[in-house]
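Summary of structural features
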Amino acid sequence: MSVPDFPVVDLSPFTAGGGGDEDAKKKVIRTIGDACAKHGIFQIINHGVPAEVIDRHLEYMRTFFAYPEEEKSKWKPKTDDLFYAGYINTSKVSQYKKEEITINHPACTYNVYPDNPPGFREDLLEAFSYLSKTAVIIEGILNDYLGLPPGFLKEYNNDRRQDIMASFHYLASKDPDEEMLGVIGHQDASIVTVLIQDGTGGLEVFEDGKWIEVTPAKGALAVNIGDPMQVLSNGKLKSVEHRVVRPAGKDRYSVVFGHLVTIDKWMEPLPQLTINEAPKYRGFTFGEYTLKRLKDLRDSPTTPEAAHTINSYAIGPNIAEV
Ligand SMILES: O=C(O)CCC(=O)C(=O)O
Ligand SMILES: [Fe+2]
């Protein structure tokens with residue numbers, strides 16, 4: 001089921017040469033902020049990432065993922081650490097029928113870049129750079145929506161080295177009885193996630209007790225709020241629960257850009273936003289939260305309650321329902 005009211009926002013007041021008029025900018029801030037408060041997700045057009053860059057990256061992905069396993073496996077992660085980059089086929093190690101190539105910020109020492117197809121490395125870095133710029137714009141918009149001092153979030157989150165981009169290939173399901181989920185329901189560890197979806201569909205969010213499809217709008221990127229933003233905003237912005245259902249008989253390609261904070265960062269509801277209301281979360285480091293989540297990913301907790309989420313830091317009852 002799809003819902004028409006996840007807004008598709010025209011970001012051009014912020015991307016078309018930067019000289020957008022103030023009223024147009026205010027309108028965008030209000031629409032995006034309200035969407036994040038209500039749904040935690042929206043789509044953007046005129047987002048500053050050229051269509052050629054998106055198409056080229058998707059084309060590179062199709063070529064790369066069509067290679068035999070032994071070729072792709074040349075670009076496996078360098079280490080067995082919880083933090084990794086490179087090629088992984090998750091369908092080999094879990095029920096998730098997808099494969100992925102992940103790069104972290106170019107400054108990251110454990111990045112692995114495929115040489116094949118030629119130019120893929122440059123393409124990955126180009127896509128990373130564009131998606132990062134879009135994420136920074138969205139962070140600034142949320143800063144203003146929350147009434148924070150100009151540039152406050154940019155200053156707070158001024159180290160980009162933990163940012164990550166994962167390019168996914170979801171394998172088409174063939175058997176009607178096969179598990180259809182590509183990614184189970186979860187909330188992201190990002191401040192914001194910027195997502196390229198091909199036209200296939202399959203992204204769903206959990207709202208009002210049901211799963212609702214986020215139908216890809218033409219030329220649009222999807223953007224969702226992650227846990228750290230829900231904590232910093234004291235629950236004003238919603239870290240949306242979402243999942244991916246593999247469309248029957250069709251391969252799906254998507255690119256997930258996580259605009260993160262560094263692991264040393266202290267997370268708690270911002271003082272500016274807890275003047276008139278009590279904090280809903282206790283403080284924690286991003287590192288502690290991330291390590292516990294990555295362990296969950298590896299060890300698959302047997303019940304949803306056992307999984308590490310921001311609710312583990314909630315103060316007071318029923319905080320899950322913000
Ligand atoms: O592939 C997608 O569309 C989204 C995947 C996702 O939610 C994630 O990797 O966090
Ligand atoms: Fe996600």
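Residues numbered from 1 in each chain as written. Chains lettered and ligands numbered in written order. Predicted model: local features only at pLDDT ≥ 70, side-chain atom pairs only at ≥ 80, totals over all residues. Heavy atoms only, no water.

The name recorded for the chain in an unreviewed UniProt entry is Fe2OG dioxygenase domain-containing protein, from Turnera subulata. According to the UniProt record, the Sequence similarities (unreviewed entry) comment for the chain is "Belongs to the iron/ascorbate-dependent oxidoreductase family." (UniProt positions renumbered as here; feature names shortened; annotations may be inferred.)

Our next topic: the packing of aromatic side chains. Considering all chains together, one arrives at twelve aromatic pairs under this definition. With a centroid separation of 5.8 Å and 70° between ring planes, the pair formed by Phe64 and Tyr87 is classed as edge-to-face. With Phe64 in helix α3 (residues 51–65) and Tyr87 in strand β3 (residues 86–89), the pair connects residues that are 23 residues apart, well separated along the chain. As far as the burial class goes, Phe64 and Tyr87 line up, both buried. An angle of 45° between the planes, with centres 6.4 Å apart, marks the rings of Phe65 and Tyr87 as tilted. Residue Phe65 is found in helix α3, and its partner Tyr87 is found in strand β3; the two are separated by 22 residues along the sequence. Lying over the aromatic face of Phe14, Lys25 brings its terminal NZ or CZ to 5.5 Å of the ring centre. Positioned over the ring face of Phe168 is Lys98, at 4.2 Å from the centre of the ring. (Phe/Tyr/Trp six-rings, centres within 6.5 Å; stacked < 30°, edge-to-face > 60°. Helix = DSSP H or I, 4+ residues; strand = E, 2+ residues; numbered from the N terminus. Buried < 20%, exposed > 50% of the residue type's maximum accessible area, 1.4 Å probe, protein only. Lys NZ or Arg CZ within 6 Å of the ring centre and 35° of its normal.)

The tendency in soluble globular proteins is for nonpolar side chains to be buried side by side. Grouped together as the largest cluster of nonpolar side chains are 64 residues, with contacts concentrated most on Ile32, Phe42, Leu131, Ile138, Leu142 and Met165. Here this core gets nine residues from one element, more than from any other, and that element is helix α5 (residues 120–145). Aside from chain neighbours lying at most four places away, what touches Phe42 is Pro7, Val9, Ile32, Ala35, Cys36, Ile138, Leu221, Ala222 and Val223. Counting 14 residues, the second largest nonpolar core, distinct from the first, contains Phe6, Phe168, Leu195 and Ile212. (Core = buried A, V, L, I, M, F, W, Y, C linked by side-chain atoms within 4.5 Å. Contact = heavy atoms within 4.5 Å.)

In the region of ligand 1, the neighbouring residues are Phe168, Tyr170, His186, Asp188, Leu195, His242, Val244, Arg252, Ser254 and Val256. In the model, an oxygen atom of ligand 1 is placed 3.0 Å from a nitrogen or oxygen of the His186 side chain. Here an oxygen atom of ligand 1 and a side-chain polar atom of Arg252 are 2.9 Å apart. Considered on its own, ligand 1 offers 290 Å² of accessible surface; in the complex 90% of this is hidden by protein. Secondary structure elements with two or more residues in the shell around ligand 1: β5 (164–170), β11 (242–245) and β12 (252–259). (Near = heavy atom within 4 Å. Polar contact = N/O pair within 3.5 Å; in protein donor to acceptor, adjacent residues only side chain to side chain. Areas by Shrake-Rupley, 256 points an atom, 1.4 Å probe, with all protein chains shown as cover.)

Helix length check: helix α8 (residues 286–299) (14 residues) gives 20 Å between terminal C-alpha atoms against 20 Å at 1.5 Å per residue, within 8%. Every buried residue of α8 is listed here: Phe286, Gly287, Tyr289, Thr290, Leu294 and Asp296. Where α8 is buried, its residues touch α7 (227–232), β13 (266–267) and β14 (284–285). Directly beyond the C-terminal end of α8, a positive phi value near 45° is found at Ser300. (Expected span 1.5 Å × (residues − 1).)

With that settled, the discussion passes to the pattern of salt bridges. Applying the stated rule across the entire model yields twelve salt bridges. One salt bridge connects Asp34 with Arg30, and the closest N-O pair in it is separated by 3.6 Å. Remark: Arg30 and Asp34 occur in helix α2 (residues 22–38); sequence separation between them is four residues, near one turn of the helix. Judged by relative accessible area, Asp34 falls into the partly exposed class, the value being 35%. Across the pair Glu100 and Lys98 runs a salt bridge whose closest N-O atoms are separated by 2.9 Å. Lys98 gets classed as buried once you look at its relative accessible area, which sits at 8%. (Salt bridge = Lys/Arg side-chain N within 4 Å of Asp/Glu carboxyl O.)

Turning our eyes to something else, we now look at the packing of α2 against α5. Axis separation between α2 and α5 bottoms out at 9 Å; the angle between their running directions is 85°. Relative to α5, α2 is oriented roughly perpendicular. Only Ile138, Ile141, Leu142, Asp144 and Tyr145 of α5 make contact with α2, whose side of the interface consists of Val28, Ile29, Arg30, Ile32, Gly33, Asp34, Cys36 and Ala37. Tallied by class, residues from the contact of α2 with α5 come to nine nonpolar, one polar and three charged. (Axes fitted to C-alpha atoms, helices over the stretch in contact; angles between N-to-C directions. Parallel < 35°, antiparallel > 145°, perpendicular 65-115°, else oblique. Nonpolar A, V, L, I, M, F, W, Y, C, P; charged D, E, K, R; others polar.)

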